[in-house]
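Chain by chain, the residues run as shown.
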Amino acid sequence: MSPAAERAEDADAGRPAKGQGAPEGLSWPPGVSHEPSMSIGAVLAVLKPEFPAVTISKLRFLEEQGLVTPRRTGSGYRMYSRADAERIRFALTAQRDSYLPLRVIREQLADLDAGRAVEQPSHARVVTRDGELVAPAAGARVSAAEIRELTGATEAELDEMAQAGLILADSRGRFPGRAVQVAHAALALGRHGISPRHLRTVRTNAERQADVIDQVVAPLRAQRTGAARERGAAQAAELAELYSRLHAELLRTAVEQLG
């Protein structure tokens, strides 16, 4: 067993039951060491198997948001306890599975610290596997009922997404498999007060970028060989990923400039 796996196993062995309150005078979770014994790298190694996308920057951000408070050594290095790691795990799980905003997660941790039980939202029925959301296979078509089952969205919420053009049904009333991920994202934004009608520009921009990608790969798709078409599909997917990264970085830059 690798050192990272051993650390993860150690953390699992001491993990408290979800929703269990902390003893009076001691922050949640109970039954786990609160002694600072782990570097930020060690915490990252413990969490990576369950949350592959987590980074040191993410851990620092959760600290800035007040969800965890590691101690500092005389040299200024962060030192975390097993309890700190579990609080981070709680936050990451709530974000990944329930799309809860940090404000709500912070309130839940405060309730747990006070000994009050916390229940997950009734709509949070997302199933995960290896840190990834379960979603239909590429090219699959899904019904509105299947989207509601996988996302916890109501019929009214899906109707609003459809009216905004975020999800589009075919003539048989079925949606592309990616409508599940779109619904997840729209629901998460909705919990911050951003409705589907506010997201129409996002859809419009995506369609414009797709038109540019179409122009780039059109010569490959025009060829009759299967190999050329496969190269065209691969290039289109790569360009879409690059567009996504560029958009994310530009958005982060714009948000940082808000002050």
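Residues numbered from 1 in each chain as written. Predicted model: local features only at pLDDT ≥ 70, side-chain atom pairs only at ≥ 80, totals over all residues. Heavy atoms only, no water.

Each helix and strand counted, the protein has 10 helices and six strands in total. In the protein, which comprises 259 residues, the share counted as buried stands at 31%. Partitioning the intrachain contacts of the protein with sequence separation of at least 6 by distance along the chain shows that 61% fall at a separation of at least 24. Surface summary for the protein: the accessible area is close to 15500 Å², and the carbon and sulfur share equals 52%. (Helix = DSSP H or I, 4+ residues; strand = E, 2+ residues; numbered from the N terminus. Buried < 20%, exposed > 50% of the residue type's maximum accessible area, 1.4 Å probe, protein only. Contact = heavy atoms within 4.5 Å. Areas by Shrake-Rupley, 256 points an atom, 1.4 Å probe, with all protein chains shown as cover.)

Turning to the pattern of salt bridges, a few remarks are in order. Using the criterion set out here, one finds 13 salt bridges in the structure. Between Arg 174 and Glu 146 there is a salt bridge, with its nearest N and O atoms 3.4 Å apart. Residue Arg 174 is located in the loop between helix 7 (155-163) and strand 6 (175-176), and its partner Glu 146 is located in helix 6 (residues 144-151); the two are separated by 28 residues in the primary sequence. Owing to a relative accessible area of 24%, Arg 174 belongs among the partly exposed residues under this scheme. Assessed through its relative accessible area of 35%, Glu 146 is described here as partly exposed. Across the pair Arg 203 and Glu 207 runs a salt bridge, and its minimum N-O distance is 3.9 Å. Residue Arg 203 and its partner Glu 207 are both found in helix 9 (residues 200-222); the two are separated by four residues, about one turn of the helix. (Salt bridge = Lys/Arg side-chain N within 4 Å of Asp/Glu carboxyl O.)

The predicted model of the protein has a mean per-residue pLDDT of 81, with 81% of residues at 70 or higher. Segment residues 121-133 is flagged for pLDDT under 50; beyond a separation of four residues in sequence, or across chains, it makes 30 contacts in the model. (pLDDT = per-residue confidence, 0-100.)

Its 23 residues give helix 9 an end-to-end C-alpha distance of 31 Å, which sits within 8% of 33 Å, the value for a rise of 1.5 Å per residue. At Val 216, helix 9 shows its maximal bend, which comes to roughly 45°, and the proline Pro 219 appears one to four places after that position. Taken residue by residue, helix 9 has Ile 213, Val 217 and Leu 220 as its buried positions. In this fold, the buried residues of helix 9 make contact with helix 10 (226-256). (Expected span 1.5 Å × (residues − 1). Bend = angle between axes of the 7 residues up to and from the residue.)

On to the packing of aromatic side chains. Under the definition given, this model contains one aromatic pair. With a centroid separation of 5.4 Å and 70° between ring planes, the pair formed by Trp 28 and Phe 90 is classed as edge-to-face. One end of the pair, Trp 28, is in the loop between helix 1 (3-13) and helix 2 (40-47); the other, Phe 90, is in helix 4 (residues 82-98), with 62 residues separating them in the sequence. Among the residues examined, Trp 28 registers a relative accessible area of 3% and is labelled buried. (Phe/Tyr/Trp six-rings, centres within 6.5 Å; stacked < 30°, edge-to-face > 60°.)

Moving on, we get to the side chain of Glu 63. Its location among the elements puts Glu 63 in helix 3 (residues 56-64). Among the polar contacts listed, one links the side chain of Glu 63 to the side chain of Arg 78, at a separation of 2.5 Å. When residues no more than four places from it in sequence are discounted, the contact partners of Glu 63 are Val 68, Pro 70, Arg 72, Arg 78 and Tyr 80. (Polar contact = N/O pair within 3.5 Å; in protein donor to acceptor, adjacent residues only side chain to side chain.)

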